[in-house]
Amino acid sequence: MIPITKAHTDGDTLVRFPGEDVLMTGDYFRSVGYPNIDLGNGGSLKGIVEAMGETIGLCGPILK
């Protein structure tokens, strides 16, 4: 479990399952539409961008 601060809210968490090459991003990642940034609960655009950079950095090759 990796804390992701100030993305969607100030309490987002990234869960990594390295043995399965899986990342669970919760609600700070969206595959369609604009990101949902909850400013009232500590979220920010800067935090979303940083969270996505950290997420991409943890991605590995597709294992078969």
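Our subject in this report is the structure included herewith. Only a predicted model underlies this, so the values are computations on that prediction, with no experimental measurement involved.

1. A short note on helix H1 (residues 45-58)
Owing to its 3.6 residues per turn, the α-helix brings residues three or four apart onto one side. Between its terminal C-alpha atoms H1 stretches 20 Å, which fits the 20 Å expected from 14 residues at 1.5 Å a residue. The complete set of buried residues in H1 reads Gly47, Ile48, Ala51 and Thr55. Considered in projection along H1, the buried side chains sweep an arc of 100° and stay on one side of the axis. Opposite its buried face, H1 presents the exposed residues Leu45, Lys46, Val49, Ile56 and Gly57, each directed more than 90 degrees away. On its buried face, H1 sits against strand S1 (2-4), strand S2 (12-17) and strand S3 (22-24).

2. What to know about the side chain of Thr9
Here Thr9 shows up in the loop between S1 and S2. With relative accessibility at 16%, the residue Thr9 sits in the buried group. Separated by 3.2 Å, the side chain of Thr9 and the backbone nitrogen of Gly11 make a polar contact. Setting aside anything within four residues of it in sequence, one finds Thr9 in contact with Asp38, Asn41, Gly42 and Gly43.

3. Considering the pattern of salt bridges
All chains considered together, the criterion is met by 1 salt bridge. A salt bridge links Lys46 to Glu50; the nearest nitrogen and oxygen atoms lie 3.1 Å apart. Taken together, the residues span about one helical turn, with Lys46 and Glu50 both in helix H1 at a distance of 4 residues. The class for Glu50 is partly exposed, based on a relative accessible area of 44%.

4. Some thoughts on the pairing of S2
Here 3 bridges tie S1 to S2, and the two strands are oriented antiparallel to one another. If you follow Ile2 over to S2, its bridge partner there is Leu14. Pairing of S2 with S3 involves 3 bridges; the strand directions are antiparallel. When the bridges of S3 are listed, Arg16 appears paired with Leu23. Linking two consecutive strands that pair antiparallel, namely S2 and S3, is a turn of 4 residues; a positive phi of about 55° is found at Asp21 within it.

Each value, and the rule that gives it
Residues numbered from 1 in each chain as written. Predicted model: local features only at pLDDT ≥ 70, side-chain atom pairs only at ≥ 80, totals over all residues. Heavy atoms only, no water. Helix = DSSP H or I, 4+ residues; strand = E, 2+ residues; numbered from the N terminus. Expected span 1.5 Å × (residues − 1). Buried < 20%, exposed > 50% of the residue type's maximum accessible area, 1.4 Å probe, protein only. Arc of directions from axis to C-beta. Contact = heavy atoms within 4.5 Å. Polar contact = N/O pair within 3.5 Å; in protein donor to acceptor, adjacent residues only side chain to side chain. Salt bridge = Lys/Arg side-chain N within 4 Å of Asp/Glu carboxyl O. Pairing = 2+ DSSP bridges.

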